[in-house]
Amino acid sequence: MLWTRWLVLLLCWGATSTEQQAEQRARAPAVVRQDSRRQRSPPPVEPLDFGFVPAAVYDTHAYHEPGPVGILFNIVHAFLYAVQPNSFPKDLIVKVIQQNMGGIKIEEWRKPDNVVLLLQWIYYESGFLICGTIGILFVVLTPIIGVCFCVCRCCDNCGGEMHQRQRKNADCQRGFYTASLVCTSIFIIVGVLIAYAANHNVTIKIKNTRRFINTNMRDLRTFANNTPAQIEYLTAQYATAKHKVLSDLDNIGPLLGGRIHSQLEKEVVPSLDTALRMAGAMRETKEALENVSSSLEVLQEETGKLGASLSGERASLTNTLSDPACTNGAVSHTCNTIRSTLSQLGINADYSKLADVNHALANINVILKTDLSNIVQKGYSSFNDTPKLVKEQTKNIVTGTQVFKSMLDKIGAEINGFAKMFPVEASLANFTIFLNEGQKNIESYYPQIDQMDFYRWIGCVAVLCMVVLVVAFNILGLMCGSCGYDKQATPTTRGCLSNTGGNLLMAGVGFTFIFAWALMGMVTTLFVVSGNVEKLICEPLANRQLFKIIDTPNLVHPDKKNFLPGMLFQNPNIDLTLGSMYRDCYDNNGLYHALQLETMFNINSFLNRTVYNKDLATVFESVKIDLGDITLLEQAGRDNLLNFANSGIGQIDYDAYLAEVNKGVTQVDLLSFSTNLEAQADQLPRGALENALKGHASSIRQIHREQVVPMEQAMKYVRARSTMSQSIKQLKRTSNDLPVKVTNILSAIDAVEYLITHNASHVVKQETKGYTESLVGYFKQYTAWVKKSLTTEVAQCKPISNIVDSMEIVGCSFIVDSVNTFWFGLGGCCILLIPSIIFSVKLAKYYRRMDTEDVFEDLGNTGNHGEQMCEIHGDLAVLRYDRSLCFLACRRVNWWRDHFQTV
């Protein structure tokens, strides 16, 4: 049809204008350092935001919940499964189709292959064949048996004799037949209700079918109306990629220069960082030397005073020990002992013998007159000016890209022009008109459908009324018979009401023989037809097995692999199946992906001719950038580093400083020394020597109290020692291999400058290529987005799968399930009519008025004319007949009595 061709043509346009295999996106930008002195390079390819394709909202919800009647449907499905438990014969159907594509001829069935297929089909249909055979036998035998039954009863046989023999269990039998007939009638009523519910359900669901038709038509119109807007949105988003490319071309300096800067900073920044750290080490060295110098002065001053006091006391004590009294033999030993400890009476930490650091400090002050940090910052600035330098040297490239900009505009115009080559809107407008006319045509049949459904409903009700008529006779017969039955009345004297009940029961039997065979014929026909529709169409359609038959390769013709693409595109070799198309549409994917239109068109040639252009790479191949003007470290900075290495801080005796700082104030505890001195004095004889020694002990205590203790507690002294210790340790770390460190820094900077000066061309070429790829990457993002949008968002074919699902719901859930439930209920009624006949015939004997009956009287003359008495073992039995018949009966009875007595 014309509209289908335009629809396929429209989707083909979408394919040719946007298809391209999506390549891997550029990697995310690496995390760079947060130092404010350096710039952050942009990511290689910035993700573009193309927004969202205008989405279509479809109204059809192809789902059906049958409600309470679904219980009956499940029962019927279980019955059909019991009748036909075999799995769906996919292979058998395929073989039948493939072997009989030219038409079925009688002589071809004699072929062995066809005979085998026929036997396989008979085996598959065995359940239906057996049930159908039973139904046919019922249809054929029921009228025959009914005629025979009527003739038999007319001959006073088969219960037609109007005589009822009296039995002792007559009441029990009547109760049994009554209960059985009641139960049978109840089950028949249940079957009628089931059939009526199914019949009424068809009427209700046919009205609901209009909702599916309206929503599906509305969804198709939505599909037709939204598709042009979606395609227009795809083409319009080309401007997003184009504007981004033009923006990057206008900012080639920051972008390309930033890429070059980012690549070189891996080598440049670490070398400058080490030089900057060395500048900080210089300032720290100056501060440490100043701390050492000031601390040394404080310590020398404090320890000098204490040393002078201790030296004077030691000299005075020596003079005291030179007294002639110490030569006495008893005293000389004590004097010698005291004299041997005089060397301990002095200061321990002698800071006066440490060399000062003024020379190194003076050198550092001279070195710091040159601001190395500022020089290094100039190196940073020179290196960070790379984007500006690139911008200045690529002015001619930016001017040359004007041609490329005009080329991009031409590509955009070419895409828009290509889109306008196809009458998309006109085609979809015609498609919309076709839908509107189709819906009007369908709606015009609604009155006829309603009328036909009404006739169908009336017919089914009339059929059910046949069964209801039989049930009504049974119920009326039971009611009349039960209400009019009198146990005291004899069979010949039964009342009119009881006799009417029996007649109604026999009338029900007569109508059963009249209607049962026709009802069973209808049930058999519906069972065979709709049962096979359920098993061969509805169930395979529900589990999608039916699609596998249609998608079987070479099903229609040996040279035509796939049926669907051969019908749509006249190319059966395309790997497109009805099942895959349904799954894609069910998932609400685009029709472009569902029909696999990418296999029909060479999209790459179109994209290479339009979106991708090699002229861009040619423009940037001539880029040459000279980075020789970048100076990382001036000569003054180099000299400053060398002077720092030769400043003399490495010649300071740090171990001597640390040794003195770690020593105590005095060599010995003065309080202990004075106590020992007094103890030695107490060993001497009383006199001037003893008093002199005790006086010296008191003086030593005074020195300790007035000089040592205040000095140890003074913050000035404590801070000076602590500051000197920390500063000496810091200076020692800084001076450790200082010349080697400076040499390594200068070597690293020289190596980086050599890289920038001589090998930057390789980096420039590499980053220029990356920059070009980033520009092309924007177009790749566009084509990948178009590919994804065509696959999942443009022309979403959910309405197609909804149509298939709606047809399944209407055909199977609405109609077939209801028809199956109808024949299931009606068939149950037909089967139950057989026991209804039996119980009605049996029960009618107990309600109808008989012509003759059995009576019991005494043997002998009773004075009653027309009666004869017969004696059997004391019991008298006389049949009330006319006199001749009674006489013959009595003689026969007497003969049998004499015979038994003889025996």
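Remember, predicted model here, so these are calculated numbers, not experimental data.

Cut-offs used in this document
Residues numbered from 1 in each chain as written. Predicted model: local features only at pLDDT ≥ 70, side-chain atom pairs only at ≥ 80, totals over all residues. Heavy atoms only, no water. Helix = DSSP H or I, 4+ residues; strand = E, 2+ residues; numbered from the N terminus. Contact = heavy atoms within 4.5 Å. Areas by Shrake-Rupley, 256 points an atom, 1.4 Å probe, with all protein chains shown as cover. Phe/Tyr/Trp six-rings, centres within 6.5 Å; stacked < 30°, edge-to-face > 60°. Buried < 20%, exposed > 50% of the residue type's maximum accessible area, 1.4 Å probe, protein only. Axes fitted to C-alpha atoms, helices over the stretch in contact; angles between N-to-C directions. Parallel < 35°, antiparallel > 145°, perpendicular 65-115°, else oblique. Patch = residues over 30% accessible without salt bridge, like charges linked within 9 Å, V, L, I, M, F, W, Y side chains within 5 Å. Salt bridge = Lys/Arg side-chain N within 4 Å of Asp/Glu carboxyl O. Core = buried A, V, L, I, M, F, W, Y, C linked by side-chain atoms within 4.5 Å. Arc of directions from axis to C-beta. pLDDT = per-residue confidence, 0-100. Left-handed = near helix turned anticlockwise from the far one by under 90°.

A. Fine view of the overall build of the protein chain. Secondary structure summary: the protein chain contains 31 helices and four strands in total. Residue pairs at least 24 apart in sequence account for 87% of intrachain contacts in the protein chain once pairs closer than 6 positions are excluded. Per element, the accessible surface of the protein chain, about 47,100 Å² overall, is 58% carbon and sulfur.

B. Layout of the packing of aromatic side chains. Under the defined criterion, the tally for this structure stands at 22 aromatic pairs. With centroids separated by 5.1 Å and ring planes inclined at 40°, the aromatic side chains of Phe 128 and Phe 527 adopt a geometry described as tilted. In this pair, Phe 128 sits in helix α5 (residues 126-154) while Phe 527 sits in helix α16 (residues 496-542), placing the two residues 399 residues apart along the sequence. Classification of Phe 128 as buried rests on a relative accessible area of 3%.

C. Seen up close, the packing of helix α2 (residues 69-83) against helix α30 (residues 798-847). At a closest axis distance of 9 Å, the pairing of α2 and α30 adopts a crossing angle of 75°. Taken together, α2 and α30 sit at an angle that is classed as roughly perpendicular. Packed against α2, whose contacting residues are Leu 72, Phe 73, Ile 75, Val 76, His 77, Phe 79 and Leu 80, the element α30 presents Ser 813, Asp 817, Ser 818, Asn 820, Thr 821, Trp 823 and Phe 824 at the interface.

D. Layout of the environment of Glu 290. Structurally, Glu 290 is set in helix α8 (residues 252-321). Glu 290 sits in the partly exposed class, given a relative accessible area of 36%. For the pair Glu 290 and Val 357, spaced 67 residues apart in sequence, the C-alpha separation works out to 8.5 Å.

E. Representation of a nonpolar patch on the surface. Together, Ile 136, Leu 137, Val 140, Leu 141, Ile 144 and Ile 145 make up an exposed nonpolar region whose accessible area comes to about 530 Å². Structurally, the position occupied by Ile 145 is in helix α5.

F. Structural view of the nonpolar core. Membership of the largest hydrophobic core comes to 97 residues, with the highest contact counts inside it found for Leu 289, Leu 632, Leu 641 and Tyr 657. Take this core: its biggest share by element is 20 residues, from α8. Here Tyr 657 is in contact with Val 292, Leu 296, Leu 354, Ala 355, Asp 356, Val 357, Ile 652, Met 724 and Ile 728, once residues within four sequence places are set aside. Grouped together as the second largest cluster of nonpolar side chains are 27 residues, Phe 128, Phe 138, Cys 460 and Phe 515 included.

G. Broad picture of the pattern of salt bridges. Applying the stated criterion across every chain, the model contains seven salt bridges. Put simply, Asp 450 and Arg 210 hold a salt bridge, and the shortest N to O gap is 2.3 Å. Taken together, the positions of Asp 450 in helix α15 (residues 446-484) and Arg 210 in helix α6 (residues 170-236) put the pair 240 residues apart, joining distant regions of the chain. By relative accessible area, which is 31% here, Asp 450 ends up partly exposed. Look at Arg 210 and you get partly exposed, because its relative accessible area is 25%.

H. Looking closely at helix α23 (residues 635-645). Every buried residue of α23 is accounted for by Gly 637, Arg 638, Asn 640, Leu 641, Phe 644 and Ala 645. In a view along the axis of α23, the buried residues occupy a sector of 160°, so they form one face of it.

I. Local environment of the environment of Ile 186. Mapped onto the secondary structure, Ile 186 falls in helix α6. The exposure class assigned to Ile 186 is partly exposed, which follows from its relative accessible area of 47%. Sequence spacing of Ile 186 and Val 471 is 285 residues, and the spatial spacing of their C-alpha atoms is 8.7 Å.

J. Here's a closer look at the confidence of the model for the protein chain. Counting all residues, the mean pLDDT for the protein chain is 74, and 74% of those residues have values of 70 or more. Note that pLDDT drops below 50 for residues 1-43; the model gives that stretch 85 contacts with residues more than four away or on any other chain. Confidence over residues 856-893 falls short of pLDDT 50; this stretch has 42 contacts with residues more than four positions distant or in other chains.

K. Local environment of the packing of α15 against α30. Interhelical geometry of α15 versus α30 gives an angle of 25° and a closest axis separation of 11 Å. As the angle between them shows, α15 and α30 are arranged roughly parallel. Relative to α30, α15 is oriented so that their crossing is left-handed. Facing Cys 460, Val 463, Leu 464, Val 467, Val 470, Asn 474, Gly 477, Leu 478, Gly 481 and Ser 482 of α15, the residues of α30 in contact are Phe 822, Leu 826, Cys 829, Leu 833, Ser 836, Ser 840, Leu 843 and Tyr 847.

L. Summary view of unusual backbone geometry. You will see that Arg 544, though not glycine, has its phi angle at about 65°, which is positive. Mapped onto the elements of the fold, Arg 544 is located in the loop between α16 and α17 (545-550). Even without being a glycine, Ala 795 presents a positive backbone phi close to 55°. Its place among the elements puts Ala 795 in the loop between α29 (760-792) and α30.

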